[in-house]
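Understanding the architecture of this molecule
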Amino acid sequence: MKKSEIKDSLKFYAKLALFSVREEQSSLSGSLGGLLLYPCFIWIFSKLWLGLNHNVTSLGMEPLFAYIGLTEILFMTTLRVPLIERASSDFTLSFVRPCSWPIYTNISIYSRTLSRRLLYLLIYIAIMPFFIDNFFLTSMSTLRFLVFLPLITILDTLYSFLLTSLQIRFYSTKNFRMLFGKFFLIFGGVLAPLSDIPEPWSKLFLNTPFSDLIFQPCYFSIKAEFYQINFSQWFARVILQLACLLALSARMYRSSRNHYHNFGG
């Protein structure tokens, strides 16, 4: 590929990312319910866990509200059905478009997911003073969270792309989405901080890939340290997960494309 072609491709994908962000902003009216429910989820999950745990948490009262706020940002923007269905419906265009459909789809999903998470983060900054009086905690947790956001959104994008390929292959992925959603909810520490779960369950949950995507980044954002691991260990686990997702996504995409051809697509 010539340098001019590479430059044109980069321009195209950059414009695609910008277009996806703008389109995501224009469709916010259909997502107002989730945006309005976000503060309610923070209050409900925090009160629920404190009630079940007799008002005791290793995080502390104020950090718990901040932690729940950050985990909800990730959970509410993970494996979004409209993005998966739209990407799968565009699959037939991959046979006529000159660009790569996997790259096109991943950039579109990534841009939309990241922009939605940044929007939720703005709401987080605005509403946290109603839950806690610690402005330093709010501001520092936001800054630390921003550092992790681009990387963990890449992995979330690959999970969405994997489910998109599964939908093309099997036509319906409702059960797959539900299963992965439960994994993120429980093993990711959304339902409850994994630091509060007793052994041996805590050790089991912490060793799942979902804890590295939600619990550990959010815990670090609050506490400025990972839970029972260091940065090098977390980063190595994330890179390993990234490599596995790339391999699985590539294999599933090829399988879906072959299946589409074989059945008259």
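The structure we're discussing is the one just above.
Attention in this report is confined to the structure presented alongside it.

Parameters at a glance
Residues numbered from 1 in each chain as written. Predicted model: local features only at pLDDT ≥ 70, side-chain atom pairs only at ≥ 80, totals over all residues. Heavy atoms only, no water. Core = buried A, V, L, I, M, F, W, Y, C linked by side-chain atoms within 4.5 Å. Buried < 20%, exposed > 50% of the residue type's maximum accessible area, 1.4 Å probe, protein only. Helix = DSSP H or I, 4+ residues; strand = E, 2+ residues; numbered from the N terminus. Contact = heavy atoms within 4.5 Å. 1 Å grid on protein atoms, 1.4 Å probe; cavity = no way out; pocket = protein on both sides within 12 Å on 5 of 7 lines; lining within 4 Å. Points joined across faces, edges and corners; volume = space filled by probe spheres on them. Nonpolar A, V, L, I, M, F, W, Y, C, P; charged D, E, K, R; others polar. Phe/Tyr/Trp six-rings, centres within 6.5 Å; stacked < 30°, edge-to-face > 60°. Expected span 1.5 Å × (residues − 1). Salt bridge = Lys/Arg side-chain N within 4 Å of Asp/Glu carboxyl O.

Next up on the list: the nonpolar core. Here is a general trend for soluble globular proteins: nonpolar side chains tend to be buried in one another's company. Formed by 62 residues in total, the largest nonpolar core has its most connected members in Y38, L70, I73, Y124, F145 and Y159. Only helix 2 (32-52), helix 3 (61-76), helix 5 (101-131), helix 6 (135-170), helix 7 (174-187), helix 8 (201-206), helix 9 (209-223) and helix 10 (231-262) provide two or more residues apiece to this core. The biggest single contributor to this core is helix 6, with eleven residues. In contact with Y38, not counting residues within four places along its chain, are G69, L70, E72, I73, M76, Y120, I123, Y124 and I127. F91, F161, I168 and Y253 belong to the second-largest nonpolar core, a separate cluster that totals five residues.

Of the volumes computed, that of the largest pocket is approximately 360 Å³. Lining the largest pocket are 14 residues, and of these F75, T78, L79, R80 and V81 sit closest to its centre. For the lining of the largest pocket, the elements supplying multiple residues, two or more each, are helix 3, helix 4 (81-89) and helix 7. Broken down by element, the lining of the largest pocket gets its largest block of residues, five residues, from helix 7. Per-class residue counts for the lining of the largest pocket are seven nonpolar, three polar and four charged. Looking at the second largest pocket, its volume works out to about 160 Å³. Elements with a contribution of two residues or more to the lining of the second largest pocket: helix 1 (3-26), helix 4 and helix 5. Per-element accounting of the lining of the second largest pocket gives the leading share, six residues, to helix 5.

Looking now at the packing of aromatic side chains. With the rule as written, the count across this model stands at 24 aromatic pairs. Seen from their ring centres, F215 and Y219 are 5.4 Å apart, and the 40° between their planes marks the pair as tilted. Remark: Y219 and F215 occur in helix 9; sequence separation between them is four residues, near one turn of the helix. Using a relative accessible area of 0% as the deciding quantity, one classes F215 as buried. Look at Y219 and you get buried, because its relative accessible area is 9%. With a centroid separation of 5.8 Å and an interplanar angle of 15°, the aromatic rings of F231 and F235 are classed as stacked. Here F231 pairs with F235, and both are found in helix 10, just four residues apart, close to one helical turn. Among the aromatic residues, those joined into a cluster by ring pairs are Y159, F180, F183, F184, F187, W201, F205 and F210.

Here helix 7 is 14 residues long and its end C-alpha atoms lie 20 Å apart, about the 20 Å a rise of 1.5 Å per residue gives. Lining the buried residues of helix 7 we find helix 3, helix 4, helix 6, helix 8 and helix 9. Positive backbone phi, at 85°, marks G189, one or two positions downstream of helix 7.

Time to look at helix 9. With 15 residues, helix 9 ought to run about 21 Å at 1.5 Å a step, and its terminal C-alpha atoms sit 20 Å apart, in line with that. Within the sequence span of helix 9, burial applies to F210, S211, D212, L213, I214, F215, Q216, P217, C218, Y219, S221 and I222. A positive backbone phi angle near 65° is found at A224, which sits one or two residues after helix 9.

Turning to empty space enclosed by the protein, a few remarks are in order. Going through the model one piece at a time under the given rule, you end up with one cavity of 30 Å³ or more. Approximately 30 Å³ is the volume attributed to the largest cavity. Considering the residues around the largest cavity, the lining is formed by T77, T78, L79, R80, L83, T113, D156, T157 and S160. Among the elements that make up the lining of the largest cavity, the one with the highest residue count is helix 6 (three residues). Along the lines of polarity and charge, the residues of the lining of the largest cavity split into two nonpolar, five polar and two charged.

The next point concerns the pattern of salt bridges. Summed over all chains, the structure comprises two salt bridges. Across the salt bridge formed by R237 and D212, the nearest N and O atoms sit 3.0 Å from each other. Placement of the pair is R237 in helix 10 and D212 in helix 9, with a sequence separation of 25 residues.

With that settled, consider unusual backbone geometry. The linkage connecting E199 with the following residue, P200, adopts the cis geometry, with an omega of 0°. The topology assignment puts P200 in the loop between helix 7 and helix 8. Unusually for a residue other than glycine, L79 sits at a positive phi of about 55°. Of note, L79 is situated in the loop between helix 3 and helix 4.

The quantities given are spatial measurements derived from coordinates; they are silent on function.
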